[in-house]
Amino acid sequence: MLTTNDIIKEGHPTLRRVADDVVLPPTLEDIATLDMMLEYLQNSQNPEISMQHDLRPGIGLAAPQINISKKMIAIHARDESGNLHSYKLLNPRIVSHSVERSYLTTGEGCLSVDREVPGLVPRYARVTVKAVNTEGEEVKLRLKGLIAIVFQHEIDHLNGVMFYDHIDQNNPFQPIEGAIPIE
Ligand SMILES: O=C(O)C[C@@H](Cc1ccccc1)[C@H](O)SCc1ccccc1
Ligand code: NI
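Just so you know, these numbers come straight off a predicted model, no measurement behind them.

Looking at the pattern of salt bridges
Between side chains of opposite charge, pairing is possible as soon as their charged atoms come close.
Turning to step 1, where the next piece is worked out: The final tally for this structure, using the stated rule, is nine salt bridges.
Turning to step 2, where the next piece is worked out: Across the salt bridge formed by arginine 115 and glutamate 10, the nearest N and O atoms sit 2.6 Å from each other. On the criterion of sequence distance, the pair formed by arginine 115 in the loop between strand 4 (101-104) and strand 5 (123-124) and glutamate 10 in the segment before helix 1 (28-44) is long-range, its members being 105 residues apart.
Turning to step 3, where the next piece is worked out: When its relative accessible area of 28% is taken as the criterion, glutamate 10 is described as partly exposed.
Turning to step 4, where the next piece is worked out: Between arginine 123 and aspartate 156 there is a salt bridge whose closest N-O contact spans 2.8 Å. Placement of the pair is arginine 123 in strand 5 and aspartate 156 in helix 3 (residues 145-158), with a sequence separation of 33 residues. The pair arginine 123 / aspartate 156 is uniform in exposure class, with both members buried.
Turning to step 5, where the next piece is worked out: Each of the salt bridges in this network shares a partner with another, and the network as a whole consists of Glu108, Arg123 and Asp156.

Focus: the coordination of the nickel ion (ligand 2)
Turning to step 1, where the next piece is worked out: Summarising the metal site, the nickel ion (ligand 2) is bound by the protein donors Cys110 (SG), His153 (NE2) and His157 (NE2), whose distances to it range over 2.1 to 2.3 Å.
Turning to step 2, where the next piece is worked out: Positions of the donor residues of the nickel ion (ligand 2) along the chain correspond to the pattern C-x42-H-x3-H. Taken as a pair, histidine 153 and histidine 157 lie in helix 3 at a separation of four residues, close to a single helical turn.
Turning to step 3, where the next piece is worked out: The class of histidine 153 is buried, set by a relative accessible area of 10%.

So, how was this worked out
Residues numbered from 1 in each chain as written. Chains lettered and ligands numbered in written order. Predicted model: local features only at pLDDT ≥ 70, side-chain atom pairs only at ≥ 80, totals over all residues. Heavy atoms only, no water. Salt bridge = Lys/Arg side-chain N within 4 Å of Asp/Glu carboxyl O. Helix = DSSP H or I, 4+ residues; strand = E, 2+ residues; numbered from the N terminus. Buried < 20%, exposed > 50% of the residue type's maximum accessible area, 1.4 Å probe, protein only. Donors = N, O, S within 2.8 Å, 3.2 Å for Na, K, Ca; no water.

See the structure below:
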């Protein structure tokens, strides 16, 4: 099983690389990697397992964070209505997005960043994501709210972008014009 020690931290060059497209169909190794990434998220959200293995809780994970520079992400998160969104995706990309923006009022963190980086992270309020699932099927997801933010955070990792790259360094809590705050 993956543990927090398997997650590379800021400063590691892989986090600043643009990851490679996964050649389709995915290999058994690609699928096993995605299974382990999702398992990490599930374990990190389980009080007993996360305590036992000292896992930092996560709701999303991108393959570059475990030093695999491939366009693969796992998401395991509940939305504002409590619905579970659990995905293992290959080659995810944002194909369209709203002009309207949103942000987490708490700011964002990152499993690859062992420090607080205060500030608002502007995100698109709504995104349409196309990707391939582990069965090789094209999926098209229309997302909003917290789940849209998680997807943008993870897809950023595939392009070498860290959440704090979006923070206004001159005024980290500068209100984001017309943006939807997400608690
Ligand atoms: O480092 C990662 O990519 C995983 C992040 C994803 C994330 C952070 C902030 C906002 C959206 C997504 C981790 O899940 S950070 C830990 C966490 C746990 C629960 C809720 C929010 C963030
Ligand atoms: Ni992150």
